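Below are the chains, spelled out letter by letter.
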Amino acid sequence: QVQLVESGGGLVQAGGSLRLSCAASGRTLSPSTYTMGWFRQAPGKERAFVAVISWSGTSTYYSDSVKGRFTISRDNAKNTVYLQMNSLKSEDTAVYYCAASHEWNARMTTQYFAWGQGTQVTVSS
């Protein structure tokens, strides 16, 4: 199975940008075949869908709250998925998690079988 590790979080001013990375590794022969998603969880809130990308990298889907500001991408040669976050707002503050799924366009947490530990993103005014 795959193991996932997020990085790139931190403190950023409103309107700024961050690029999150998620590195996949483990015993799995071909981790690049998995659908990959990003979720986030703010204090006191449920873990919420952010974006998903197909194994080929050609199909993506975003939540309405981030569409036009965030871009998900992947580099299968590096076994890495990215989340480029631009025009950040205070409401984007959350712990961001990457996850792997066997299903295309999975938007529910129950559809994912592997999760990273999360990386904190804090947007200040």
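See the structure shown above.
Residues numbered from 1 in each chain as written. Predicted model: local features only at pLDDT ≥ 70, side-chain atom pairs only at ≥ 80, totals over all residues. Heavy atoms only, no water.

Enquirer: Go over the overall build of the chain with me, naming the residues and quoting the values.
Expert: Each helix and strand counted, the chain has zero helices and eleven strands in total. Going from the N terminus to the C terminus, the chain shows its helices and strands as β-β-β-β-β-β-β-β-β-β-β. The C-alpha radius of gyration computed for the chain amounts to 13 Å, which stays within 12% of the reference 14 Å derived for 125 residues, consistent with globular compactness. Dimensions of the chain, computed from the C-alpha atoms along their principal axes, are close to 45 × 25 × 25 Å. (Helix = DSSP H or I, 4+ residues; strand = E, 2+ residues; numbered from the N terminus. Rg over C-alpha atoms; globule rule 2.2 N^0.38 Å.)

Enquirer: Explain the nonpolar core to me, using residue names and the numbers behind them.
Expert: A general tendency of soluble globular proteins is for nonpolar side chains to be buried together. Ranked by internal contacts, the top residues of the largest apolar core, which has 28 residues, are L4, W38, L83, M85 and Y96. Only β1 (2-7), β3 (18-26), β4 (35-41), β5 (48-53), β7 (70-75), β8 (80-85), β9 (94-101) and β11 (119-124) provide two or more residues apiece to this core. Apart from residues lying up to four places away in sequence, L4 is in contact with C22, A23, A24, M36, C98, A99, A100, A114, W115, G116 and Q117. (Core = buried A, V, L, I, M, F, W, Y, C linked by side-chain atoms within 4.5 Å. Buried < 20%, exposed > 50% of the residue type's maximum accessible area, 1.4 Å probe, protein only. Contact = heavy atoms within 4.5 Å.)

Enquirer: Any chance you could break down the pairing of β8 for me, citing the residues and the numbers?
Expert: Of all six residues in β8, five are buried, a share of seventy percent or more. Sheet topology places β3 next to β8; six bridges connect them, and they run antiparallel. Bridge pairing links L18 to M85 in β8. Direction of pairing for β7 relative to β8: antiparallel, over a ladder of six bridges. Across the sheet, D75 pairs through a bridge with T80, a residue of β8. The turn linking β7 back onto β8 is made up of four residues, and N79 within it adopts a positive phi angle of 50 degrees. (Pairing = 2+ DSSP bridges.)

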